[in-house]
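# Residue-level structural notes
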Amino acid sequence: MIRSLTLNRKRRRDQLMYCMETSWPEVQAYFKTNECVMIITGSLECHGVHNPLGVDTLVPQALAQRIEKQSEILVLPALPFGCCDYLKGYPGTVSLSSETLRCVVQEIVDSLRAHGARRFLFLNGHGGNLPALEQVALRLNTQGDLGVIANWWQMAKEIDPAWGGGHGGGEETAAMLAICPEIVHPERYRDSILKPVSENIQTTGFKTVQFHGVTLTMPQPVAALCDNGWTGPDHPQTATAQWGEAMLEAISQLLAQLISELKTVPLKECYEDQ
Ligand SMILES: [Zn+2]
């Protein structure tokens, strides 16, 4: 599937370097002229009954492949586990604490910095990872290095507001239809109904409720509210492979431009470890 596409391929100088398939002398040579690294962060988490658990990992992996011919950057193996406390009631979902994820990502970053990496692009597929990633990126930027987080689903919405969506809805399902339609199950599409808290408090999302037209924050275990696991305004039945294809193409082009830009951002001459 996705993984096999990355193997046994002749690599050119202008292509991605997958760390998993590269020897240490090649990485050493890379760091002599390049300080850029891409770290893909995903999750293993319920995305409705129609999507696989790996959506948040598979989509950014596919985006990385799409920028392959446009960018030279060292790509770390995708982290398939993220912070999924809201959805851990659904079988197969695996959740790390934010602190565990922060430690893991920080130690990955530290390992790479020791050999010359200074510009880090975190290509993120999962919103729950953000608090941990922000801590790591803040530390990098405080040290005089560069840490930037690209959340693909937010990029999509800002490139074209019609592409924005919720969790496991049309946006993510469209991406999956473009990447790997054989693991999407349109015959299982159905409405997602969130149980209300009371007569006047309606659940509107994983952490939001509405009371007389006003939004309040109320984080809840989603499996207790919803027998399906997708939420959002974008019903999965609106998803098409064409939408997914256009969206992934637009995002990958922007990411390629971003990588070029990150290479030109001036860094401090010296920095101190914290
Ligand atoms: Zn997702």
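Residues numbered from 1 in each chain as written. Predicted model: local features only at pLDDT ≥ 70, side-chain atom pairs only at ≥ 80, totals over all residues. Heavy atoms only, no water.

To be explicit about the condition: UniProt positions are given in the numbering used here, feature names are shortened, and annotations may be inferred rather than shown by experiment.
Going by what an unreviewed UniProt entry lists, the chain is known as Creatininase family protein and is assigned to Holdemania massiliensis. You can read under Cofactor (unreviewed entry) in the UniProt record for the chain the words "Zn(2+)". As stated in UniProt under Sequence similarities (unreviewed entry), the record for the chain gives "Belongs to the creatininase superfamily."

## Examining the overall build of the chain
Inclusion rule: Going along the chain from the N terminus, every DSSP run of H or I of four or more residues is numbered as a helix, and every run of E of two or more is numbered as a strand. The reference for a compact globule is 2.2 Å times residues^0.38; the radius of gyration itself is calculated from the C-alpha atoms. Method for areas: the Shrake-Rupley scheme with a 1.4 Å probe, in which residue coverage is limited to the protein chains shown. We treat Lys and Arg as the positive residues and Asp and Glu as the negative residues; His and chain ends play no part in the count. The atom standing in for a charge is NZ when the residue is Lys, CZ when it is Arg, CG when it is Asp and CD when it is Glu.
For the chain, the helix and strand inventory stands at 8 helices and 8 strands. Taken against the 2.2 N^0.38 rule, which gives 19 Å for 274 residues, the C-alpha radius of gyration of the chain at 19 Å falls within 12% of a compact globule. Here the C-alpha coordinates of the chain stretch approximately 60 × 40 × 30 Å along the principal axes. For the chain, the computed accessible surface area is about 13,100 Å², with 56% contributed by carbon and sulfur atoms. Here the chain carries 22 positive and 30 negative side-chain charges, and the mean point of each set is 6 Å from the other.

## Some details on the environment of glutamate 134
For glutamate 134, the position within the fold is in helix H5 (residues 130-143). Separated by 112 residues in sequence, glutamate 134 and threonine 22 place their C-alpha atoms 28 Å apart.

## Overview of the sheet that holds strand S8 (residues 214-217)
Across a sheet, strands are paired by hydrogen bonds formed along the backbone, either parallel or antiparallel in direction. Test applied: Pairing between two strands is assigned when DSSP locates at least 2 bridges connecting them. To define axes, lines are fitted to C-alpha atoms, for helices over the stretch in contact only, and angles between the resulting N-to-C directions are given on a 0 to 180 degree scale.
Pairing in this open sheet of 3 strands is antiparallel, and the strands run S6-S7-S8 from one edge to the other. The sheet is open, and its two borders are formed by strand S6 (201-203) and S8, each paired with just one other strand. Strand-to-strand twist of the sheet, defined as the mean angle between neighbouring strand axes without regard to direction, takes the value 35 degrees. Summarising the sheet, strand S7 (residues 208-211) and S8 pair through 4 bridges and their orientation is antiparallel. From the neighbouring strand, valine 209 faces S8, where its bridge partner is leucine 216.

## Considering the packing of helix H7 (residues 170-179) against helix H8 (residues 241-262)
Filter applied, for reference: Angle categories are assigned with fixed cut-offs, so that under 35 degrees is roughly parallel, over 145 is roughly antiparallel, 65 to 115 is roughly perpendicular, and the rest are oblique. Note on contacts: a residue pair is in contact if any heavy atoms of the two residues lie within 4.5 Å.
For the pair H7 and H8, interaxial distance at closest approach is 7 Å and the crossing angle is 90 degrees. Classified by the angle their axes make, H7 and H8 are roughly perpendicular. Contact residues: Gly170, Glu171, Ala174, Ala175, Leu177, Ala178 and Ile179 in H7; Ala241, Trp243, Gly244, Glu245, Met247 and Leu248 in H8.

## Here we look at the coordination of the zinc ion
The cut-off we apply is this: The rule for donors is simple: an N, O or S atom within 2.8 Å of the metal counts, and for Na, K and Ca the reach is 3.2 Å. Water is not among the atoms, so a site may look short of donors. Exposed residues in this analysis have more than 50% of their type's maximum accessible area, buried residues have under 20%, and partly exposed residues fall in between, with area computed by a 1.4 Å probe over protein chains only.
Coordination of the zinc ion by the protein involves His47 (NE2), Asp56 (OD) and Glu172 (OE), with metal-donor separations of 1.9 to 2.1 Å. Site description for the zinc ion: donor spacing in sequence, H-x8-D-x115-E. Look at histidine 47 and you get buried, because its relative accessible area is 0%.

## Quick notes on unusual backbone geometry
Its identity is not glycine, yet histidine 212 carries a phi of approximately 50 degrees, on the positive side. Turning to its location among the elements, histidine 212 is positioned in the loop between S7 and S8. Histidine 212 sits in the exposed class, given a relative accessible area of 61%.

## Some words on the domain arrangement of the chain
To keep it simple, the criterion reads: An automatic or database domain assignment supplies the residue ranges for each domain. Buried area is calculated as the accessible area (1.4 Å probe) missing from two parts once they are joined, with the contributions of both summed. By salt bridge we mean one thing: a side-chain nitrogen of Lys or Arg within 4 Å of a carboxyl oxygen of Asp or Glu. Any N or O atom pair separated by 3.5 Å or less is treated as a polar contact, with the protein-specific requirement of one donor-capable and one acceptor-capable atom, and with residues adjacent in sequence counted only for side-chain atom pairs. By the convention adopted, Pro, Cys, Tyr, Trp, Phe, Met, Ile, Leu, Val and Ala count as nonpolar, Lys, Arg, Asp and Glu as charged, and the other residues, Gly among them, as polar.
When the domains of the chain are assigned, the result is domain 1 (17-192 + 235-262) and domain 2 (193-227). Relative placement of domain 1 and domain 2: their C-alpha centres are 28 Å apart. Of the roughly 840 Å² buried between domain 1 and domain 2 on both sides combined, carbon and sulfur atoms contribute 59%. Summed over the three residues of domain 1 that lose the most area to domain 2, namely Tyr86, Tyr90 and Ser192, the buried surface amounts to 69% of that side. For the interface between domain 1 and domain 2, the tally reads 1 salt bridge. A salt bridge links aspartate 227 to arginine 190, with the nearest nitrogen and oxygen atoms 3.5 Å apart. The interface formed by domain 1 and domain 2 holds 4 residue pairs in polar contact (both at pLDDT 80 or more) in total. A breakdown of the residues in the side of domain 1 that touches domain 2 according to their chemical character gives 3 nonpolar, 3 polar and 2 charged.

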